[in-house]
Amino acid sequence: MFFGKKDKHANNGGKDGSSKRNKTTEGSTSSTSSGGASSTSANGGALPPKAASAPDVTPSSSSNTSKKDVDKYHVRCCDTCVSILSLWKKVSKEVDVDNYISTTELAQHLLERVKSGGSVPTYGLAESIKKLSKLLKEYEKELKSIGDRLASYLSSSRKRRSIAQHNARLHVQLRAMIEASGVEMQRSTLTTAETAASARTAPLPQLVTQRTRARLTAADGFRFWQKYFAELEMELVPFESLLSAYQKELGVALDSSDAALLQHILDRDMIGAVTPSDFNNFLKLFGNIADALTNAKTLYSQRWFHDFLSVDEVMRLLADQPVGTFLVRYSRSLPGSFVLDYVPSPGQLKTLIIKSCGSSGVEFVDDDGHAHMYPSISNLVSTQKDILKFPLMLDFLNKTWFCGSVSTDEAEKMLARLPVGTFLARFAEMGRFAFYVSYVHRDEKTHERSIRHASVMKVPSGYLLDLNPIILPTPRARDDSATSGKAALKGSREKSVSTPVKPAFADKSNIYSSITQLMSAHPNLWKYNYDPDHVPKLPVADFKEVMNERLPELCGPLEVDGQGTSGRVGDYLFTSTIATYPKGTEGYNIVCDQYCVVPMGNRIVFALADGCGWGRRPREAAIRASRTVIEQVADRTVQVKMSDSIEIRNALLRSFNVAHEKIMEGKEEFWMAGATTLAAGEVIEIDSENGEWAVIAVCVGDCKLFVWSASSKTVVDITAGNRLHARNAKDAGGSLGAQKDSSLPDLRNLGSYFWPLGLGDVFFAVSDGVYDNADPESLGMTIKEALDAAGGAPPLLHQKLAAVAPLEQLTWSQLDNSTVESIKSCYMLWRIGSIVNKALGERTDVSIPEAIGTALIENSAAVTKRTRDLMEGDPTIPEPADHRAYPGKMDHTSVVAIVASEWGDTDKYRTARSGGSTAPPRQRATTTFDDTSTSSADLVWSSEPGPIEVAGANLAFPEAKTIMPFDLGYTRVLNGLVAPAPLTETRLSEVAAGGSFSTYPLQATSDDKSSKLGDPVSTYFVAELTPTRTLCGMSSGLHWGKPAAISSKLALTTACETMASLQGKLSNTRDVKKGLLKAFDAAHTAVSAEAGSDHTVVMALASACQLDGGSWMIHAASIGFCKIFHWSKATGKVADLTWGNAPLSRSDPGGRLGPYKNNLPDTSNLIFRQTVCAEGDILFILSPGAYWNYDPEILGLTVSEAARTVASDATTWTPQLKDDWRCVKLHQVFESLGEKSPLTPWRIAEAILGHSEAVTAPTRRVMEANPKASEPRDFSQSKGKMGHVCCVGIKIGKMSEEQVASSQVSSIPL
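Just so we're clear, the structure is a prediction, and the values are computed from it rather than from any experiment.

K.L.:
Is there a simple way to explain the overall build of the chain in this structure?
P.N.:
In terms of helices and strands, the chain carries 36 helices and 44 strands. By residue count, 57% of the 1310 residues in the chain fall in the buried class. Of the contacts formed within the chain by residues at least 6 apart in sequence, a portion of 71% connects residues at least 24 apart. Accessible surface computed for the chain: about 52400 Å², of which carbon and sulfur atoms make up 51%.

K.L.:
I would appreciate a short explanation of a nonpolar patch on the surface in the present structure.
P.N.:
On the surface, V311, M315 and L349 cluster together into a nonpolar patch covering about 260 Å² of accessible area. Tracing the backbone through its elements, the reader meets V311 in helix α13 (residues 311-318). Using a relative accessible area of 47% as the deciding quantity, one classes V311 as partly exposed.

K.L.:
Teacher, can you tell me more about the state of the cysteines here?
P.N.:
Working definition: the covalent bond between the sulfur atoms of two cysteines is a disulfide. Taken as a whole, this structure holds one disulfide when the rule is applied. Linked covalently through their sulfurs, C555 and C596 form a disulfide whose S-S length is 2.0 Å. Separated by 41 residues along the polypeptide, C555 in strand β15 (residues 554-556) and C596 in strand β18 (residues 593-600) bring together distant segments of the chain. In terms of burial, C555 and C596 fall into one category: buried. Looking at C81, it has no disulfide partner, and the nearest cysteine sulfur is the one in C78, 6.4 Å off. Here C592 is not disulfide-linked; the sulfur of C612 is the nearest cysteine sulfur, at 9.1 Å.

K.L.:
Would you take a moment to explain the sheet that holds strand β10 (residues 434-442) for this structure?
P.N.:
Strand pairing in a sheet relies on backbone hydrogen bonds. The paired strands run either parallel or antiparallel. Read across the open sheet, the six strands follow the order β13-β12-β11-β10-β9-β14; overall the sheet is mixed. Each end of this open sheet is capped by a strand with a single partner; those strands are β13 (511-512) and β14 (528-529). The pairing of strand β12 (residues 462-466) with β13 spans two bridges and is antiparallel. Considered in β13, the bridge of Y463 is made with Y512.

K.L.:
Mind showing me how you'd approach the pairing of strand β3 (residues 325-330) here?
P.N.:
Each regular strand carries side chains that alternate between the two faces of the sheet. With six of six residues buried, β3 is to be regarded as a mostly interior element. Pairing geometry for β3 and strand β8 (residues 390-391), over two bridges, is parallel. In the strand pairing of β8, F326 is matched with P391. Sheet topology places β3 next to strand β4 (residues 337-342); five bridges connect them, and they run antiparallel.

K.L.:
Hey, could you run me through the pattern of salt bridges in this one?
P.N.:
Should the charged atoms of two oppositely charged side chains come close, the side chains can pair. Under the criterion given, the structure shown has 33 salt bridges. Residue E249 is joined to K227 by a salt bridge in which the shortest nitrogen-to-oxygen separation is 3.3 Å. Residue E249 is found in helix α9 (residues 239-250), and its partner K227 is found in helix α8 (residues 219-229); the two are separated by 22 residues along the sequence. On the basis of relative accessibility, which here comes to 21%, the residue E249 falls in the partly exposed class.

K.L.:
Just to check I follow, could you spell out the side chain of N167 for this structure?
P.N.:
Its place among the elements puts N167 in helix α6 (residues 157-180). Within the structure, the side chain of N167 is placed 3.2 Å from the side chain of Y139, a separation counted as a polar contact. Ignoring any residue separated from it by four or fewer positions in sequence, one finds N167 in contact with N99, Y100, T103 and Y139.

K.L.:
How do you make sense of the nonpolar core when you look at a structure like this?
P.N.:
The nonpolar side chains of a soluble globular protein tend to be buried, and buried together. L1179, F1180, F1230 and I1248 are the most contacted members of the largest nonpolar core, which totals 55 residues. Other than its neighbours up to four places away in sequence, L1179 contacts C1032, A1102, I1114, I1124, F1125, L1137, V1288, G1289, I1290 and I1292. By size, the runner-up hydrophobic cluster in this structure holds 54 residues, among which are Y595, L705, V766 and V896.

K.L.:
So what exactly am I meant to see when it comes to the sheet that holds strand β26 (residues 762-766) here?
P.N.:
As summarised here, the arrangement of the six strands in space is β16-β17-β27-β26-β22-β23, forming an open sheet in which the pairing is antiparallel. Only two strands of the sheet have a single partner each, and these edge strands are β16 (565-569) and β23 (715-717). Taken over all neighbouring pairs, the strand axes of this sheet differ in orientation by 15° on average, direction set aside. Pairing of β16 with strand β17 (residues 573-579) involves five bridges; the strand directions are antiparallel. Pairing of G567 across the sheet is with T575, part of β17.

K.L.:
What is the right way to look at the packing of helix α10 (residues 256-266) against helix α12 (residues 289-300) in this model?
P.N.:
In a pair of packed helices, the angle between the axes and the distance between the axes together describe the arrangement. At a closest axis distance of 11 Å, the pairing of α10 and α12 adopts a crossing angle of 85°. By the angle class used here, α10 and α12 are roughly perpendicular. On α12, the residues touching D258, L261, L262, H264 and I265 of α10 are L293, A296, K297 and Y300. Considered class by class, the residues forming the contact of α10 with α12 number six nonpolar, one polar and two charged.

K.L.:
Please clarify how the packing of aromatic side chains should be interpreted in this entry.
P.N.:
Aromatic rings in a pair are described by how distant their centres are and how their planes are angled relative to each other. Taken as a whole, this structure holds 35 aromatic pairs when the rule is applied. Centre to centre, the rings of F224 and F229 are 6.1 Å apart; their planes meet at 70°, and the pair counts as edge-to-face. A relative accessible area of 8% places F229 in the buried class. A ring pair is formed by F286 and Y330, whose centres lie 6.5 Å apart and whose planes are at 90°; its orientation type is edge-to-face. One end of the pair, F286, is in helix α11 (residues 276-286); the other, Y330, is in strand β3, with 44 residues separating them in the sequence. A cation sits over an aromatic face here: K704 above Y771, 5.7 Å from the ring centre. Sitting over the face of the ring of W812, K824 holds its NZ or CZ atom 5.8 Å from the ring centroid.

K.L.:
Looking at this model, I keep getting lost on the environment of S860. Mind explaining?
P.N.:
Relative to the helices and strands, S860 resides in helix α26 (residues 848-863). As a C-alpha pair, S860 and N773 span 87 residues in sequence and 5.6 Å in three-dimensional space. Not counting residues up to four positions away in its chain, the partners in contact with S860 are T580, G769, V770, N773 and T893.

K.L.:
Looking at this structure, I do not really get unusual backbone geometry. What am I missing?
P.N.:
Across the chain, the bulk of peptide bonds are trans and the bulk of non-glycine residues have phi less than zero. Note the cis peptide between G556 and P557, where omega equals -10°. In this structure, P557 sits in the loop between β15 and β16. If you check the backbone angles, K713 has positive phi at about 60° while not being a glycine. Residue position: K713 is located in the loop between β22 (704-708) and β23. Accessibility expressed as a relative area gives 32% for K713, which makes it partly exposed. Phi angles above zero are rare outside glycine, and A1207 is one such case at about 55°. Relative to the helices and strands, A1207 resides in the loop between α33 (1199-1205) and α34 (1215-1234). A relative accessible area of 68% means that A1207 is categorised as exposed.

K.L.:
How should the environment of T1240 be read in this particular structure?
P.N.:
Topologically, T1240 is positioned in the loop between α34 and α35 (1241-1265). With 51 residues separating them along the chain, T1240 and K1291 place their C-alpha atoms 7.3 Å apart. Once residues lying within four places of it in the same chain are set aside, the contact partners of T1240 are E990 and I1178.

K.L.:
Can you help me understand the packing of α34 against α35 in this one?
P.N.:
At a minimum axis separation of 11 Å, α34 and α35 run at an interaxial angle of 125°. Relative to α35, the element α34 is oriented oblique. Every pair of crossing elements has a handedness; the one defined by α34 and α35 is right-handed. Residues L1226, V1229, F1230 and L1233 of α34 touch α35, and the partners they reach there are R1243, I1244, A1247 and I1248. Partitioned by chemical class, the residues of the contact of α34 with α35 number seven nonpolar, no polar and one charged.

K.L.:
Looking at this structure, I do not really get the pairing of β4. What am I missing?
P.N.:
Counted residue by residue, β4 has six buried out of six residues, so it is predominantly covered. Residues S337, V339 and D341 point to one face of β4 and F338, L340 and Y342 to the other, with burial holding for every one of them. In sequence, β3 turns back onto β4 through a hairpin of six residues, with G336 there showing a positive phi of about 90°. Sheet topology note: the β4/strand β5 (residues 350-356) ladder contains six bridges and is antiparallel. Pairing of Y342 across the sheet is with K350, part of β5.

K.L.:
When you look at the environment of G462 in this model, what are you seeing that I'm missing?
P.N.:
Secondary-structure assignment places G462 in strand β12. Residue class for G462 comes out buried when judged on its relative accessible area of 5%. Distance from G462 to L518, taken between C-alpha atoms, is 9.9 Å for residues 56 residues apart in sequence. Discounting chain neighbours no more than four positions away, the residues touching G462 are M457, I511 and Y512.

Here is what the cut-offs are and how they apply
Residues numbered from 1 in each chain as written. Predicted model: local features only at pLDDT ≥ 70, side-chain atom pairs only at ≥ 80, totals over all residues. Heavy atoms only, no water. Helix = DSSP H or I, 4+ residues; strand = E, 2+ residues; numbered from the N terminus. Buried < 20%, exposed > 50% of the residue type's maximum accessible area, 1.4 Å probe, protein only. Contact = heavy atoms within 4.5 Å. Areas by Shrake-Rupley, 256 points an atom, 1.4 Å probe, with all protein chains shown as cover. Patch = residues over 30% accessible without salt bridge, like charges linked within 9 Å, V, L, I, M, F, W, Y side chains within 5 Å. Salt bridge = Lys/Arg side-chain N within 4 Å of Asp/Glu carboxyl O. Disulfide = S-S within 2.5 Å. Pairing = 2+ DSSP bridges. Polar contact = N/O pair within 3.5 Å; in protein donor to acceptor, adjacent residues only side chain to side chain. Core = buried A, V, L, I, M, F, W, Y, C linked by side-chain atoms within 4.5 Å. Axes fitted to C-alpha atoms, helices over the stretch in contact; angles between N-to-C directions. Parallel < 35°, antiparallel > 145°, perpendicular 65-115°, else oblique. Nonpolar A, V, L, I, M, F, W, Y, C, P; charged D, E, K, R; others polar. Phe/Tyr/Trp six-rings, centres within 6.5 Å; stacked < 30°, edge-to-face > 60°. Lys NZ or Arg CZ within 6 Å of the ring centre and 35° of its normal. Left-handed = near helix turned anticlockwise from the far one by under 90°.

Limitation: the analysis is restricted to geometry and does not speak to function.
Now the structure itself:
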């Protein structure tokens, strides 16, 4: 599984967080499955697929990276590796650092391989070297900051984790470099790898294999690793992959508790992966694979076993214990061994190393050097009862809120962004018998937050609590130039955190028998236990299922354009999305934000995804991700089983894993998938009696989650800090789906979140299009202006800024990312809070969530208006960089707002806005969710849905929009010719035109006559025009001959007749979708009844309807490989409305009507799309024989030539590259046609048909001269593709009276 308890170190990734004009997803390598995640339960998963090689282009053509830069970064990497190795080897005798050393050596070896190549590396490798240089520098800096204390640092479980996770990131980056190196590397298995003479000359896979063999000393482990992981080129195996292999080896499935224990032992640093050393040590400790887990469970059931305690923690815990007290733990310095610690005499501590000898038992050596063997550790303990009298049985060591040796500064950082009532316990920094309880407190009068530290002293009768808070002085700014300053600061801190003086009077009521009893005695102060993943373990209220009702589902905006959509359920749920980009741009036409919300009684499940970049792939990724989370979590059977907050968090993490897999599903190559950020979670009832609710969420990327408090009227950012992992404004910090050079997700900022809610509090999730327009830098403000507006900086931040420069002189570029985010957070919370409170004071006619959501959306639209107006006035102008003159950031903008309340019970929070008085229920005209809105609820069609309508029900579709009534003021129909003459077109005035013919060669027949090969033409088209609606269609038989032509015409005419009969029933856009699908079903039935199974057809239908308001909307549907295009009069651009329907090969249509299998149609590539258009735009449909001749590969272009035309970094032919190139080429053709006279459907058809005729002419002449010759397949020599060519186009809009009077069908030779 990719996602787990602690994974914030996946490397790179991308979402464009600024203007999305000409943007692509930023490159990345993610680090989860290969070493950046861990999981609390077994949820399935697999090793990520091998990443494809990087694009074969030089840095100069695709990047700012030159060969000189590459050499520079290469030298930096090598120097840093040497420094890191020296640091590790200093402590290698005290602590096991073999895995760390091997990682750095592997980096060094790979860099030498790259350098020895002697040529400029490929683009992907050059970028990887830059990333590796930065990662190594961070690594070195962290290690050097620890200095001589490195060994003790690694002995701390909590602190060691960050080093281990950093090491995992380095492993994954190295894997990406190997993939991108372009060097052929032969894989070597464990059994066939030969020992190399030198590690410096060994091939990389051999090098890794040697290390792996050296670590797997247990015979069982070597055989296991050889069987399941011999082909791996890296030494980190995702835990879920190992778990799967382990279960296969045992032949049984482990339950969640067993899997969690196995992961706890194997992945103690929570990196989400297992090394050969980890697995080998597990077997050394617990025996062979068959018995190891059972033995581990037995050991963990013993009260005296205390897991991964550090030496410092053991000394503190045993210091005041009676003689004979003991514990057993793992050894850190000798992996694969245990340690027995006991108190032999007062004030002394003795430590014995217990060596595990596998099935033989355990062994330890006494002070005299004699070895003693025992069958097991339990047997050793029971045998030595005279020495080992009292097992240490502290009840808090296994609690997540006990954090061991944590300083006061660290504790405050850990609690800084957590809700009031969150607490942790820790050892005091001075004093052997003291503890601190650090917790988040809020003053009841001022509502100010602070972090307090209560002291706990060990006394003979138990533990004494002193709740008098320790108020720590603010540390002074550090002066690196003055030694005396350092000493003064050190002295100040030591005084401030010293153990408090024992109070003169100790009330016995403040003495508790145990730490756990002490913690539970103050539930009002300490409500939420600290958890590394910010989600405390709390029981939640039982799921109150809504019986006998269909749950409303708000999903959108799906495929609607930038005008957006909104929805609401009752008075407690509101959603809205718009695009603030200029109209006519791709960013406006294709909205990549997607939301989905399902209220389920006392639980509301939500998901908000923001596709990374522009276009259909990010939108598809966002739709798949948001829908998948809902499918996985918003299920009654799942909800019933979840009884605490951790189970909810884990369910969300599992759904993220499935969402990533869903995004990648069906993609032949990883780059075919898009990427998206994702925030998802539940607003859930915690305690029904006290009205306590909470939001539990998981987020990756740059969506943010806020809470508005009804009591304090303040806004809290519960995802504060999730932008710290971003490298620049265009980097989201993480995403699901494909990255630039990897199929792994980018989980650098994957995080889980918890925040308590009271009745009336409002939770709202937003995409970056909302909060970026509350960003002071995006608004063109200076740092001083931002802080002044927000009421000043907090004291610590103010001191930090003052140490850099006077506030008036500070610029954003002078500060580090963390400081910038702190400043922006101060301003953002003030601004969003102001917007929310103002809206709630003014908009009393709508619900609280709707008031909040609408205000935030309108703010984004208003802030970006100046830039939008400028770019709509002149589309050639790039987005201005001057944020002071043109403030804000255009983007896709979404809000999901939810009030904490059980579905249908809004009376409890109606007083939130009025401050106590009961407000009357607010009335609203409609309640919108899914397809139950009033505009479509009255539509009842008698016919049962056919197979295509059933398949189409799963296609994404936004909320229904009202269309103008069907008007029969005039009706004009243009049909294809039954037996078209060569190069002949039919047209209807200037509003519609079509043509079809064959580009195959002439072929002699038995009666000495000649005809086109494949005649008669099997394509057919229809165009129908009425004042408020137009219909355009095309069909094509999949075989040659008269039966194929008859089937083609029958299918299309039946479909058009069906649409004509339904026009009076269509009242909104959802009805149009239903009508088109019914038309397809009717065509399928007709073809199946009249034609044989060899005469299936493909078909495309497009209907343009006038909306209520004057604008128009195109509804496009297709099965098979006909393509529908839209030419915009405003921009001159061409859009492919059937993107994604490309078949696997030119002989496979991907879908078809007619009796395909079991008399059912093939709906594999059934597509339904819609887009807003304008009068004067042109809708046209092409058969494969037409658009194949606008295929760059068929026209003899190279990949690089085509990619250069569309500014793509593709290195192989892809459907997207071809689709993009085709649209650009058609735009160029139409642009040249428009220079002479206005573009019309007739001129489009003339150009496309004529082009196909001309391109295929040389091949046709060759085959006519040699009738036995086959059609050439080398497109570099013989361009074009012969076939049945068809084009039909129609102008959108109402015909003028003059056009109606003069319109007539005519046939014109081209």
